[in-house]
Amino acid sequence: MDKKEIISDFKRYYGHRLGRDENCRSVHYVYEALAMVLSDRLTERWKATYNAYKKQDCRRACYLSMEFLIGRTLSNAILNLGVNDPVAQAMYELGLDLEELIDVEPDAGLGNGGLGRLAACFIDSCATLKLPVTGYGLRYEYGMFSQTIINGEQVEEPDHWLRNGNVWEIERLEYTQRIKFGGHTESHIDENGHKRVCWVNTHDILAVPYDTPIPGYKNDTVNSLRLWKATATEEFDLQEFNAGDYAEAVAAKNTAENITMVLYPNDANENGKALRLRQQYLLASASLQDVLELWIGRHGKDFSEFAAKNCFQLNDTHPSIAVAELMRLLMDIYGLSWDEAWAITRNTMAYTNHTLLPEALERWSVSLFKLLLPRLMEIIFEINARFLAEVSAHWPGDKARLARMSLIEEGDEQYVRMAYLAIVGSYSVNGVAELHSKLLQQGLFHDFYELWPQKFNNKTNGVTPRRWLAGCNPELAKLITETIGDGWLTDLSLLKKLELYVDDKAFCKRWHEVRLCAKQRLIDFKKKEMDVDLNVNALFDVQVKRIHEYKRQLLNVLHVIHLYDRIKRGDTENWTDRCVLIGGKAAPGYFMAKKIIKLINNVGNVINNDPDVGNRLKLIFLPNYRVSAMEIICPGADLSEQISTAGKEASGTGNMKFMMNGALTIGTLDGANIEIREEVGDDNFFLFGLTEDQVEKLRHHYDPVAIIDQDEDLKRVMNLLEWGHFNQFEPDIFDAIIGSMKSPHDPWMTIADFRSFVDAQKRVEAAYQDKERWTKMSIINCANSGKFSTDRTIAEYNNDLWKLTPVTVPK
Ligand code: 26Q
């Protein structure tokens, strides 16, 4: 681990394994050699961790997720192994720039947004807490698309993140699993007189695992993230080949390999795509077979202790077909009875919900299900029949309730309701923030809550403080450690001690300087990427997240237009210079989201090029928002925009990253914002907007046109939009946006919150003008962010649901 060894290993990898020398012009190989040096150090601990778990035969958990938005690995490995100093010194001695090497690594963009990043933060915390948890996911050949902006519009480009190889993963051909699709079922009575079902005539594919090491923070634990890649079976090709059609055979291979080719870039449910269902089943089936095989290797075919030793956390409904698949494997392959298999399933599965939007709940058409997974469809029907009998017994004669709760939605077409399958098949259902969990119980899942109140619980999200404070903001981390010691890295509640220093002038001055430094880094990053120059003294007002109507980027734009209008009117007394930064990707098929991107860019174009505006106001769209961009953005933000319509954002996690780095929040009473405000106190949070129940009440008589009419500022803003001020040569392109905001049926009620938002922004400006006050508030925000560590979240999952014992890995 010392500098000398790092240098010698590095030279060996660079010169021999990679066969490069000083004439090589690509910095990529330098990165790769350094990554190999670290990878070696991880591998030793990885094996030791595996052996420690095996020796203790401990209970373990699997985190099943279609997305793991890991981002970059090198800098995180350096941090968690605690080798920053020797690595930095080694690179310095070799005349290499470590920062530059870190920047060479492409993001592993294997997720859309919050849900995928949460999975990545969770596995970091599991390893840090020494918990035997394995992440199971898919190894997409193409991750989240990369976004460029052309003429103000989003253009998607495929992200071939594996093009230059991936140093961190290892292929484990020996753990390959076979996955069935199609075919039909046949049943017979076995020698013991039990009915047995065979799923035959299937088109099989293979799932090959690739393992990535997940190091804990300085604790010698290295857990695994196992990602499945689909490949063709050999005999499948051969069949076709023998039939004489070589080309067909190769094409069939392609179909199989297509399954894990690309991540679906929607962060809400896009219904009905067969390929997506294949992906989900591949994940569930391969992962469960993997776990069962490991079980049998150690315990034989006795499953009586299986539920005591295993559990599966389902990251939303995406892997929830696992409920039916575990039933199938236990019954059809291992011969358990229905009751035995059901007891195991119900005691091992736990489901986390991430959305309150009813339209985002996953449904699959029964006909597609039957075609692709006939055996699983049978099992789901059987689960449903038995479940509805239970409902009938509980509420005799309540036909309406049966229809509401059925796993099968009836109508012109039948659909499987995946959330209900997940609820019925598991021992726990949780939301991801207090409000969200409460609303699930009162609304979306109320019937189920009445039936099984003890199943429902809350687990407020978090983020890992290693990546989201120590890693992304080293100067602030250094200041914190110098002030209160380094215990906060594994016990974030210790940040509270910073409050003792809010009146310490010297400390406040350093806090302010460090934050300016981070702002400057963000400015430099933007200058390099986009050639814009921002003013470090301006208020950096940031909203980065997926583009969605419910997240209300539009409300943000209305405010910016209002500020622009004030400048044009000469209403600039006591002005606060402001840079508004908005970033995020739109699902490629989401028309409105794409229009919103265009609007942000057009408004930015007008404002940024108006000489009357100058430095007072900028509106910049940040292209290709992703994990590695957030690592630069969140330390440099002054103001964090968390402005969703109350009751719509399940939790949010960007809000936590900003807070941890000392940004102040302007936000509605939604998701985890509520808990953030509870932690920092009302004085240190800019609250605005309707509450969730006010939103619901207003729906019945919402009249946005009347609101516009009564608000001079808003009227002027809407006039600028309607008269085409921002689309002078592109007539009508924003009509749909304007129309949606002015509709009495606008579900997001943007117009309703405008006045309250503008007023809150005035309070922001007043606070920002008082530098000392702002710095104090910034410190208080960071100091009270302890709750939002995933270490706390995972400790709760573990204490309430998983009940794993931490395992210390011997040196
Ligand atoms: C489903 C079917 C087909 C294709 C795509 C999808 C799909 C993919 C991703 C549906 C939803 C997602 C992602 C949802 C998500 O990120 N939700 C966010 O989860 C965060 C972590 O809990 C919360 O903080 C956010 O509030 C929530 O929006």
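Residues numbered from 1 in each chain as written. Predicted model: local features only at pLDDT ≥ 70, side-chain atom pairs only at ≥ 80, totals over all residues. Heavy atoms only, no water.

Draft legend 1. Spatial organisation of the overall build of the protein. Secondary structure summary: the protein contains 33 helices and 25 strands in total. For 811 residues, the compact-globule estimate of 2.2 N^0.38 gives 28 Å, and the protein sits close to it at 27 Å. With the principal axes as the frame, the protein shows a C-alpha extent of 90 × 75 × 60 Å. Residue burial in the protein is summarised as follows: out of 811 residues, 61% are buried. A fraction of 77% describes how many contacts in the protein between residues 6 or more apart in sequence connect residues 24 or more apart. (Helix = DSSP H or I, 4+ residues; strand = E, 2+ residues; numbered from the N terminus. Rg over C-alpha atoms; globule rule 2.2 N^0.38 Å. Buried < 20%, exposed > 50% of the residue type's maximum accessible area, 1.4 Å probe, protein only. Contact = heavy atoms within 4.5 Å.)

Draft legend 2. Seen up close, the site of the ligand. Around the ligand sit 21 residues, and of these Asn269, His354, Asn461, Glu649 and Gly652 come closest. With respect to the ligand, the side chain of glutamate 649 contributes an N or O atom lying 2.6 Å from an oxygen atom. Contact with the protein chains removes 93% of the 620 Å² of surface that the ligand exposes when unbound. For the shell around the ligand, a count of residues per class yields six nonpolar, 10 polar and five charged. (Near = heavy atom within 4 Å. Polar contact = N/O pair within 3.5 Å; in protein donor to acceptor, adjacent residues only side chain to side chain. Areas by Shrake-Rupley, 256 points an atom, 1.4 Å probe, with all protein chains shown as cover. Nonpolar A, V, L, I, M, F, W, Y, C, P; charged D, E, K, R; others polar.)

Draft legend 3. Fine view of helix H12 (residues 338-348). Of all the residues in H12, the buried ones are Trp338, Ala341, Trp342, Ile344, Thr345 and Thr348. Buried residues in H12, looked at end-on, bunch into an arc of 165°, giving them a common side. (Arc of directions from axis to C-beta.)

Draft legend 4. Region of interest: the pattern of salt bridges. This structure, assessed with the given rule, holds 64 salt bridges. Glutamate 765 serves as the salt-bridge partner of arginine 578, at 2.7 Å between the closest nitrogen and oxygen. You can see arginine 578 sitting in strand E21 (residues 578-583) and its partner glutamate 765 sitting in helix H31 (residues 754-769), a full 187 residues away along the chain. Residue classification places arginine 578 among the buried residues on the basis of a relative accessible area of 1%. Through salt bridges with shared partners, a single ionic network connects Asp565, Arg566, Arg569, Asp571, Asp711, Asp713, Arg716, Arg755, Asp759 and Lys762. (Salt bridge = Lys/Arg side-chain N within 4 Å of Asp/Glu carboxyl O.)

Draft legend 5. Structural context of the sheet that holds strand E24 (residues 664-667). With parallel pairing, the six strands of this open sheet are ordered in space as E22-E21-E20-E23-E24-E25. Both edges of this open sheet fall to strand E22 (617-622) and strand E25 (686-687), since each of them pairs with a single strand only. Across two bridges, the pairing between E24 and E25 is parallel. Among the inter-strand pairings, isoleucine 666 is bridged to a residue of E25, identified as phenylalanine 686. Together, strand E20 (539-544), E21, E22 and strand E23 (639-642) form the strand contacts of helix H22 (residues 553-569), whose direction differs from that of E21 by roughly 155°. The sheet contacts of helix H23 (residues 591-608) involve E21 and E22, and relative to E22 the element is tilted by about 145°. (Pairing = 2+ DSSP bridges. Axes fitted to C-alpha atoms, helices over the stretch in contact; angles between N-to-C directions.)

Draft legend 6. View of the packing of aromatic side chains. Enumeration according to the criterion identifies 26 aromatic pairs in this entry. Summarising the aromatic geometry, the rings of phenylalanine 448 and tryptophan 452 are spaced 6.4 Å apart at their centres and angled 40° between planes, so their arrangement reads as tilted. The class of phenylalanine 448 is buried, set by a relative accessible area of 1%. In textbook terms, an aromatic cluster arises when at least three aromatic residues are bridged by ring pairs, as seen for Tyr351, Phe387, Tyr420, Phe445, Phe448 and Trp452. Above the ring of tyrosine 13, the side-chain terminus of arginine 12 is found at 5.1 Å from the ring centroid. Sitting above the plane of the tryptophan 395 ring, arginine 401 keeps its charged end 3.8 Å from the centroid. (Phe/Tyr/Trp six-rings, centres within 6.5 Å; stacked < 30°, edge-to-face > 60°. Lys NZ or Arg CZ within 6 Å of the ring centre and 35° of its normal.)

Draft legend 7. Molecular detail of the sheet that holds strand E16 (residues 408-409). In spatial order, the strands read E15-E17-E16; together these three strands make up an open sheet with antiparallel pairing. Among the strands making up the open sheet, the edge pair consists of strand E15 (363-365) and E16. Strand direction decides the pairing type here: E16 and strand E17 (residues 415-417), joined by two bridges, are antiparallel. The residue of E17 that forms the bridge with glutamate 409 is tyrosine 415.

Draft legend 8. Unusual backbone geometry, seen in detail. Here asparagine 151, not a glycine, exhibits a phi torsion of approximately 50°, which is positive. The topology assignment puts asparagine 151 in the loop between strand E5 (146-150) and strand E6 (153-157). For asparagine 151, a relative accessible area of 56% gives the class exposed. For aspartate 316, which is not a glycine, the phi torsion comes out positive at approximately 70°. Along the chain, aspartate 316 falls in the loop between strand E13 (310-315) and helix H11 (322-333). Since its relative accessible area comes to 8%, aspartate 316 is described here as buried.

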